[in-house]
Amino acid sequence: MIFQRELKRSRKSLIIWSLVLAGLIIWLLSIFPSFAKSQASMEALMESYPESIRQMFGMNQLNLGSLIGFYGLEVYMMVTLLGSIYAALLASNILAKEEGEKTVEFLLSKPISRSRIVSQKALAVFVNIIILNAVSAVSSLIGFQFAKDEDIPGKTFVLLSIAALLLHLTFASISFLFSSIMRKTRNTLSISLAVVIVTYFLNVISGLSEDLEILKYFSPFKYVDSANIISDNRIEPIFIVIMGILIAGSIAAAFFIYKKKDIAV
Amino acid sequence: MAVVDVRNLTKTYKKNRGIVDVSFSIEEGEIFGFIGPNGAGKSTTIRTLLNIIFPTSGSATIFGKDIVKDSTEIRQNVGYLPSEVHYYDDMKVIDLLKYSARFHKNFKENRMNELASRLDLDLHRKIEDLSFGNRKKVGIVQALLHEPKLIILDEPTSGLDPLIQSHFFDLLLEERENGATIFFSSHILSEVQKICDRVAIIKEGKLIQVESIEYLTKNRVKNITVILDQPGLELIIPGAVIKEKKGNEISLLYSGEMKELLQGLNGFPIQDLLIEEPSLEEVFMHYYEK
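This text gives an overview of the structure that appears in the document. What you are looking at is a predicted structure, and each value in this text was computed from that prediction instead of being measured.

Another point: the overall build of chain A. A count of helices and strands for chain A gives 12 helices and zero strands. Counting helices and strands in the order they occur from the N terminus, chain A gives α-α-α-α-α-α-α-α-α-α-α-α. Against the 2.2 N^0.38 benchmark of 18 Å for 265 residues, chain A shows a C-alpha radius of gyration of 20 Å, consistent with a compact globule. In terms of overall dimensions, chain A has C-alpha extents of about 70 × 40 × 30 Å along its principal axes. When burial is assessed residue by residue, chain A has 50% of its 265 residues classed as buried. Of all intrachain contacts in chain A linking residues separated by at least 6 positions in sequence, the fraction that spans at least 24 positions is 78%.

Next up, the structure:
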């Protein structure tokens, strides 16, 4: 019941975000052909960026002139960042809003266990994120059609898509955990978004110098770094493990916490 | 068998006072009142029984099942009306009622329509557009719709106009006829007196007494304020205790028959007469003077 209701409630938002993301992806990819044609000017453009910037954004590893390079550098950032923000927004208040709007007193008087409430809401979050990622993948495939003479290596694309999905699920799970602990939705929202934004920047600065490289373990964005995935044609297993632990651990903790806490009305 | 059996239930909060060592039991088919001033612990007790909050110590059973371990099972047969009613703002009344009924898997459309019409509730309005009183009505229908065996009501009449209140009490009595047990929490003594069989009095987190209504009504006390035309008159009425004399105004506590009061006042130059419900404090005070 709760699952269906949450799906219904979040449908409008999902549609809007999907349309925006699809639009951005397709539009960006449509620019690629003209972008790639001016190869010379592109190299000049690359040279114009200082070395440190090129390091940070992995521009040295990827070739902006190739479809996959362009995708990795330009489009992928959109997918990961926007998708993560969506995930945080969605998951951060799905539990807390019941307490914030005080509807929880009604819900908890119904014959439904707290575990079921948590599981059905978590499921709704996951389904929404999977749908968004599917839209993103399909839009990318559509967008690739613009580059008529170039093709994207299938395995790499699949890896990138899986990585993005895992990234979104990771942020969603962490936000969901906050949602189970706190009760003021504006707090859960702020802190979940802060996590996304801060880790994004951690990822960016970690590329700056060797000393900052250790930061890469703290940012999920680094785990799914497109430059690495594309050049190595794999996602580093340790990162998959970390994300898996974060997802499973956060959700498990959310269950446990919500089951035991006093619900404030 | 006791439908509700509470044993030394205690809930302590860090800042506010909760409930301490509360014990009582409710028999099947009873309408059991729970009365106390604001902040006494009525809502805390109810929320603990429903496992919205966890007890610090003590235990309780409903239908013989533990309120913590078997909470989900218990709630299958419980209807709850909280003191403050908050529902999802995107729903119409009928949406909420159907949603609520789905949890119990026994939605009866006829019953919903009947309850709604008896309480004068429009099923097709958006809940957020409703007044406080009408939202309360939604809560009442929601609580009764699935024919629960135990009905828990927390300050149910606040916001209801007197006519609807009367229909509401009729509904409750009918539910009792059908075998339901009712737990009615209030700070309004007259309501509790009207409908309950027994009453538990709670004050500052502790259960003071469990009493039958008969016994309470025997000690019915009223606050009488008599405003005379001139000061300084002696007013002697048997059964009345003078509280205060201020100029023309005499206030007293009276626990006898109204007829005798009026006979006693007859002949005095009375400008105004106020007959009021005593505050719970005064009831308790009078009650325990013996």
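With 138 residues, the main nonpolar core has Tyr71 and Phe176 of chain A together with Phe183 and Phe184 of chain B as its most contacted residues. Here the element with the most residues in this core is helix H4 (residues 67-94) of chain A; it accounts for 14 residues. Leave out the neighbours within four places in its chain, and phenylalanine 176 of chain A touches Ala91, Ile94, Leu95, Val118, Lys121, Ala122, Ile251 and Ala254 of chain A. Judged by nonpolar contacts, the second largest core, of 10 residues, contains Ile224, Leu228, Tyr254 and Leu261 of chain B.

With that settled, the discussion passes to the side chain of lysine 222 of chain A. Residues and elements named next belong to chain A. Structurally, the position occupied by lysine 222 is in helix H10 (residues 220-223). Buried charge without a partner: lysine 222 forms no salt bridge, and the closest opposite charge is aspartate 225, 4.3 Å away. Sequence-distant contacts of lysine 222, that is, excluding residues within four places in its chain, are made with Asn203, Ser206, Lys216, Asn228 and Phe239.

It is worth spelling out the interface of chain B and chain A at this point. If you look at the interface, chain B gives 27 residues, while chain A gives 24 residues. A combined buried area of about 2500 Å² lies between chain B and chain A, and 56% of that area is made up of carbon and sulfur atoms. Its largest share of buried area at the contact with chain A, chain B owes to Ile52, Tyr88 and Phe103 of chain B, together 29% of the area lost on that side. Inspection of the chain B/chain A interface yields five salt bridges. Note that glutamate 105 of chain A and arginine 47 of chain B form a salt bridge whose closest N and O atoms lie 3.0 Å from each other. Here chain B is connected to chain A by 16 residue pairs in polar contact (both at pLDDT 80 or more). Mapped onto the side of chain B that touches chain A, the elements with two or more residues apiece are helix H2 (71-75) and helix H3 (93-104) of chain B. Its residues assigned to classes, the side of chain B that touches chain A shows 12 nonpolar, eight polar and seven charged.

A separate point is the packing of aromatic side chains. On inspection of all chains with the given rule, the structure shows 21 aromatic pairs over all chains. On the basis of an interplanar angle of 70° and a centroid distance of 5.1 Å, the ring pair of tyrosine 71 of chain A and phenylalanine 144 of chain A is categorised as edge-to-face. Here phenylalanine 144 of chain A lies in helix H7 (residues 114-144) and tyrosine 71 of chain A lies in helix H4, a separation of 73 residues in the sequence. These aromatic residues form a ring-pair network of at least three members: Phe106 of chain A together with Tyr87, Tyr88, Tyr99 and Phe103 of chain B.

Residues and elements named next belong to chain A. Packing of H7 against helix H12 (residues 237-260) leaves a shortest axis separation of 9 Å and a crossing angle of 145°. At the point where H7 passes H12, the crossing takes the right-handed sense. Contacts from Arg114, Ser115, Ile117, Val118, Ser119 and Phe126 in H7 reach Ile247, Ile251, Phe255, Tyr258 and Lys259 in H12. A class-by-class count of the residues in the contact of H7 with H12 yields seven nonpolar, two polar and two charged.

The next thing to look at is the environment of serine 119 of chain A. Residues and elements named next belong to chain A. Relative to the helices and strands, serine 119 is located in helix H7. Assessed through its relative accessible area of 30%, serine 119 is described here as partly exposed. Remark: the alpha-carbon pair of serine 119 and isoleucine 174, spanning 55 residues in sequence, is separated by 15 Å.

Next up on the list: the environment of arginine 176 of chain B. As for its position among the elements, arginine 176 of chain B is in helix H6 (residues 162-177). The spatial distance from the C-alpha of arginine 176 of chain B to the C-alpha of lysine 108 of chain B is 19 Å, given a sequence separation of 68 residues.

All names here are of chain B. Phi angles above zero are rare outside glycine, and asparagine 8 is one such case at about 50°. Of note in this structure, aspartate 120 is not a glycine but carries a positive phi near 60°. Secondary-structure assignment places aspartate 120 in the loop between helix H4 (109-118) and helix H5 (132-144).

For the rest of this paragraph, the subject is the sheet that holds strand S14 (residues 270-276) of chain B. All names here are of chain B. Spatially, S12-S13-S11-S14 is the arrangement adopted by the four strands of the open sheet, whose pairing is antiparallel. Because the sheet does not close on itself, it has two edges, and the strands there are strand S12 (240-246) and S14. Ignoring which end each strand starts from, the neighbouring axes of this sheet average 20° apart. The sheet contact formed by strand S11 (residues 222-228) and strand S13 (residues 249-254) spans six bridges and is antiparallel. Bridging from a neighbouring strand, valine 226 pairs with isoleucine 250 of S13.

Bringing a nonpolar patch on the surface into the picture now. A cluster of nonpolar side chains, contributed by Ile214, Tyr217, Phe218 and Ile238 of chain A, occupies part of the molecular surface with about 420 Å² of accessible area. Residue phenylalanine 218 of chain A is classed as exposed on the basis of its relative accessible area, which comes to 56%.

What counts and how
Residues numbered from 1 in each chain as written. Chains lettered and ligands numbered in written order. Predicted model: local features only at pLDDT ≥ 70, side-chain atom pairs only at ≥ 80, totals over all residues. Heavy atoms only, no water. Helix = DSSP H or I, 4+ residues; strand = E, 2+ residues; numbered from the N terminus. Rg over C-alpha atoms; globule rule 2.2 N^0.38 Å. Buried < 20%, exposed > 50% of the residue type's maximum accessible area, 1.4 Å probe, protein only. Contact = heavy atoms within 4.5 Å. Core = buried A, V, L, I, M, F, W, Y, C linked by side-chain atoms within 4.5 Å. Lys, Arg positive; Asp, Glu negative; His and termini not counted. Salt bridge = Lys/Arg side-chain N within 4 Å of Asp/Glu carboxyl O. Buried area = accessible area lost by both parts, 1.4 Å probe. Polar contact = N/O pair within 3.5 Å; in protein donor to acceptor, adjacent residues only side chain to side chain. Nonpolar A, V, L, I, M, F, W, Y, C, P; charged D, E, K, R; others polar. Phe/Tyr/Trp six-rings, centres within 6.5 Å; stacked < 30°, edge-to-face > 60°. Axes fitted to C-alpha atoms, helices over the stretch in contact; angles between N-to-C directions. Left-handed = near helix turned anticlockwise from the far one by under 90°. Pairing = 2+ DSSP bridges. Patch = residues over 30% accessible without salt bridge, like charges linked within 9 Å, V, L, I, M, F, W, Y side chains within 5 Å. Areas by Shrake-Rupley, 256 points an atom, 1.4 Å probe, with all protein chains shown as cover.

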